[in-house]
Structure formats: structure tokens, C-alpha cells
Amino acid sequence: METVYLNGEYVSGSAAKISVFDRGVLFSDAVYEVISVIDGRLIDMQRHIARLERSLGELSINASADWSTIAQNLVTENDLQEGVVYLQVSRGVMEERDYRWPAPDTAPTIFAFAQSRALIANPLADRGMKIITRPDLRWQRCDIKTTQLLYASLMKMEAMAAGVDDVWMARDDWITEGTSQNAHIITQDGVLISHQLDRRILPGVTRIEMLDQAKAMELTIEERAFSIDEAKQAAEAFVTSSTLLVMPVVEIDGHKVGDGQPGTRTGKIRQNYLAAVQRASSTTN
Ligand code: PDD
């Protein structure tokens, strides 16, 4: 039976119970992180911690823990070689349902679990993803990694119904991001365009390392929004996330991107990204 973490204890998954009065359950008053694990090592843990602490700060949730040790213990206890660690923090339990927050000293609910998943040997890397675009109807603080994921979930179901892999969301024709990935294109002139960091997108951890790799490959980088039309005209397109890493996109709203095959520069970025994170995790974890 898997071992999970709940409020200071490591217990079996079936023994981990939280209250129906938890604000995470009632109001999605909670933030989370998904950290990839490759070769039994946590990838980019320090950046995930920095983003978690920022999310907590933006929502004034008082929570601190040795995030790194919790994640590492779950990897060890569950003998996880490849997959993810999921970590969630809610504002805690409030017996009387109320929109207003409880006292700041209310104990947060912290839990985490590890799940095995093939990240590197993902068949999508060879065939590339097909995506459709849809309006971005999420709230205006997408920079905070909250558990309000219903719109993203609705969009994944639309993608499934349309027979494609995912959705890129757009505000007024400007692509923001994928349902659970950051979105990027490489233009016909070889410029990598990635949405600037603002409240419309999640500041992806994978995006940071990807941009470093792209810079090392001497690609010109523009951090700005791009339109749906620009994306369709692009030479290459791809997404980044802790679960997909760097993943090519080959079709947008039925239009082939480039020649309809995973882009060569995207492939190189993925390869270099993997090499870099594996090198870094072997020295920092
Ligand atoms: N999602 N944008 C959104 C909306 C996301 O949910 C995610 C990650 C990203 C990529 O961020 P990162 O590179 O730090 O994983 C961008 C995770 C994987 C999830 O919800 O499962």
C-alpha cells in the first residue's frame, strides 16, 4: 500500500482522511505543486518550493514545512523511480462554513503523495500533440497555483470529445497557456515566443529551464503573448510542464504546424532539458 503524507505523519493512502469542513474541500482554498521524479530524483525542487511559498503568500495561507524532506521521503518510501510527487496545502478546517477566512493561526492541511508515471518514454514525444483552442474563461489570477481546476478539467474533456490531446486557451485571440502546461511557438524566422509572466499564466518551473536551454541553443526569445493565427503559422509549437516536460505540438485547430511532425528544435530542447535536469538533480538532491 502506498505511503502518503498528511499533517506531519506518513500513513497508508487509505488511512489518510481529511475533514469535510476543510476549506480546500469547500472553497478550493488551497494551493498545490506537482514535482516530477526522474531516476528516483526530484526535479527542480527548489523552484517548486519557491513557487509554492509565493502561492501561499499571495493567499495569506500560513503554512511552513520541510517541503523537500516530505517529497524526498515519499519518493523513498514508495520506491518511486519515475513519476510525480503531488503536494497540497489548504487554509485548514473551519467548522462553520463561512466565506471569510478563519483566524490566521488556523492549522493548514498539508498532504502529499507520490505516483508512478512514465515521463520520458511518453509516446506523445514521437507523434506530437494535437490541440484545439478555446476561450480562457478562468479567473484573472492564473499566476497562483490553486486547486480551482474545474475549467481546465472541462477543457480536457472538450479535447477528448474532439479527438485531440489538449486545449490551448486564449483571451481575445491571444493564447495564454494550455490546460495544464505553458504554451510556446517557434516562428518561421526561428524566434521562440513564450507568454510573458503575468497574472494570465502560471509561472511554469519547466518553462524556466526550457528558456535556459533555448538560450544556450542561441535561439532568439521573445516573452510576449502570441495570437492563435501566429501559432497556426509557426514553424514549431510545444508545451512545457512537470508531467509532459517539453512536448511537441503538431496540430492546432486542425492546421498542421510546420510539416505536421514534431519540430527538430523542439526535439533538441527536450533532449537538452532532460540532460540538464538529470545533471542538476544528481548534485542538489
Ligand atoms: N500543471 N500552466 C498550468 C495552468 C499548469 O497547471 C501547469 C502545471 C503549468 C506548467 O507548470 P510546471 O512547468 O511548473 O509544471 C502551466 C501541473 C503539472 C498539474 O496541474 O498537473
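Residues numbered from 1 in each chain as written. Predicted model: local features only at pLDDT ≥ 70, side-chain atom pairs only at ≥ 80, totals over all residues. Heavy atoms only, no water.

### Comments concerning the layout of surface pockets
To keep it simple, the criterion reads: Both site types are read off a 1 Å grid over the protein atoms alone. A 1.4 Å probe that fits but cannot get out defines a cavity, while an open set with protein on both sides within 12 Å along at least five of seven lines defines a pocket; lining residues have an atom within 4 Å of a point. Grid points are joined across faces, edges and corners, and a volume is the space filled by probe spheres set on the points. Put simply, DSSP H or I for four residues or longer makes a helix, DSSP E for two residues or longer makes a strand, and each gets a number counted from the N terminus. Each residue gets one label: Ala, Val, Leu, Ile, Met, Phe, Trp, Tyr, Cys and Pro are nonpolar, Asp, Glu, Lys and Arg are charged, and the others, such as Gly, are polar.
Of the pockets and cavities examined, the largest pocket occupies roughly 1,000 Å³. Lining the largest pocket are 39 residues, with Tyr32, Lys145, Leu149, Thr179 and Ser180 sitting closest to its centre. Elements supplying a minimum of two residues to the lining of the largest pocket: β3 (30–38), α2 (45–58), β5 (83–90), β6 (109–116), α5 (150–161), β9 (174–178), α6 (205–216) and β14 (236–241). Here the lining of the largest pocket takes 5 residues from α5, the largest share from any one element. Across the lining of the largest pocket, the residue classes tally to 16 nonpolar, 17 polar and 6 charged.

### Examining the pairing of strand β12 (residues 220–223)
Inclusion rule: When DSSP finds two or more bridges between a pair of strands, those strands are recorded as paired. When the strands point away from the viewer, a crossover counts as right-handed if the route from the first strand across the helix to the second turns clockwise.
Sheet analysis places strand β11 (residues 191–194) next to β12, joined by 4 bridges and oriented parallel. Across the sheet, Ile193 pairs through a bridge with Glu222, a residue of β12. Note on the crossover from β11 through α6 to β12: the handedness is right-handed.

### Here we look at the site of the ligand
To be explicit about the condition: Distances are taken per atom, and a residue is near a molecule or strand as soon as one of its heavy atoms is within 4 Å of it. Any pair of N or O atoms that falls within 3.5 Å is considered a polar contact. Within protein, one atom must be able to donate a hydrogen and the other to accept it, and sequence-neighbouring residues count only if both atoms are side-chain atoms. For accessible areas, the Shrake-Rupley method is used with a probe of radius 1.4 Å. Any residue's cover is judged against the shown protein chains and nothing else. Cavity and pocket membership follows a simple rule, namely that a molecule belongs there if more than half of its atoms are within 2 Å of the grid points.
Neighbouring the ligand are 18 residues, the closest being Tyr32, Arg51, Glu177, Thr206 and Ser242. In this structure, Thr206 approaches the ligand through a side-chain N or O atom, which is 2.6 Å from an oxygen atom. Here an oxygen atom of the ligand sits 2.7 Å away from a polar atom, N or O, in the side chain of Ser242. Its free accessible area being 480 Å², the ligand has 89% of it covered by the protein chains. The cavity where the ligand resides is the largest pocket. Contributions of two or more residues to the shell around the ligand are made by β3, α6 and β14.

### Section: the environment of Phe113
Definition in use: The contact criterion used is simple: two residues touch if any of their non-hydrogen atoms lie within 4.5 Å.
Within the secondary structure, Phe113 sits in strand β6. Phe113 sits 35 residues away from Asn78 along the chain, and the two C-alpha atoms are 9.2 Å apart. Not counting chain neighbours up to four residues away, the residues in contact with Phe113 comprise Val4, Leu74, Val84, Val85 and Tyr86.

### Quick look at the pairing of β14
Defined as follows: Residue exposure (1.4 Å probe, protein chains only): buried if accessible area is under 20% of the type maximum, exposed if over 50%, otherwise partly exposed.
Counting buried residues in β14 gives 6 out of 6 residues, a clear majority hidden from the surface. In β14, alternate side chains face the same way, and those of Glu236, Phe238 and Thr240 on one face and Ala237, Val239 and Ser241 on the other are all buried. As judged from the 5 bridges shared by β14 and strand β15 (residues 245–252), these two strands associate in the antiparallel manner. Within the sheet, the bridge partner assigned to Thr240 lies in β15 and is Val246. Joining the antiparallel neighbours β14 and β15 is a turn of 3 residues.

### What to know about the domain arrangement of the protein
For clarity, the threshold we go by: Boundaries of every domain are those given by an automatic assignment or by a domain database. Buried area: the accessible area, evaluated with a 1.4 Å probe, that two parts lose upon being put together, summed over both parts. Any Lys or Arg side-chain nitrogen located within 4 Å of an Asp or Glu carboxyl oxygen qualifies as a salt bridge.
By the assigned domains, the protein splits into domain 1 (3–116) and domain 2 (124–283). Computed from C-alpha coordinates alone, the two centres of domain 1 and domain 2 are separated by 26 Å. Listed per partner, the contact involves 23 residues of domain 1 and 24 residues of domain 2. Counting the surface lost from both domain 1 and domain 2, the interface buries some 2,000 Å², and carbon and sulfur atoms represent 58% of this. At the boundary of domain 1 and domain 2, one finds 3 salt bridges. With its nearest N and O atoms 2.8 Å apart, the salt bridge here joins Asp143 to Arg54. Joining domain 1 to domain 2, the criterion identifies 9 residue pairs in polar contact (both at pLDDT 80 or more). Counting residues per element, the ones that place at least two in the side of domain 1 that touches domain 2 are β3, β4 (41–42), α2 and β5. If one sorts the elements of the side of domain 1 that touches domain 2 by residue count, β3 sits on top with 7 residues. Considered class by class, the residues forming the side of domain 1 that touches domain 2 number 10 nonpolar, 5 polar and 8 charged.

### Considering the packing of α2 against α6
The following threshold applies: Convention adopted: a line fitted to C-alpha atoms gives each axis, helices being fitted over their contacting stretch, and angles between N-to-C directions are expressed from 0 to 180 degrees. Should an angle lie under 35 degrees it is considered roughly parallel, over 145 roughly antiparallel, and from 65 to 115 roughly perpendicular; all remaining angles are considered oblique. Left-handed describes a crossing whose near helix is turned anticlockwise from the far helix by less than a right angle; the clockwise case is right-handed.
Interaxial distance between α2 and α6 falls to 9 Å at its minimum, and their mutual angle equals 130°. As judged from the angle between their axes, α2 and α6 are oblique. Judged by the twist between their axes, the crossing of α2 over α6 is right-handed. Note on element contacts: α6 touches α2 through Val205, Ile208, Glu209 and Asp212, opposite Arg47, His48 and Arg51. Here the residues of the contact of α2 with α6 are counted per class, giving 2 nonpolar, 1 polar and 4 charged.

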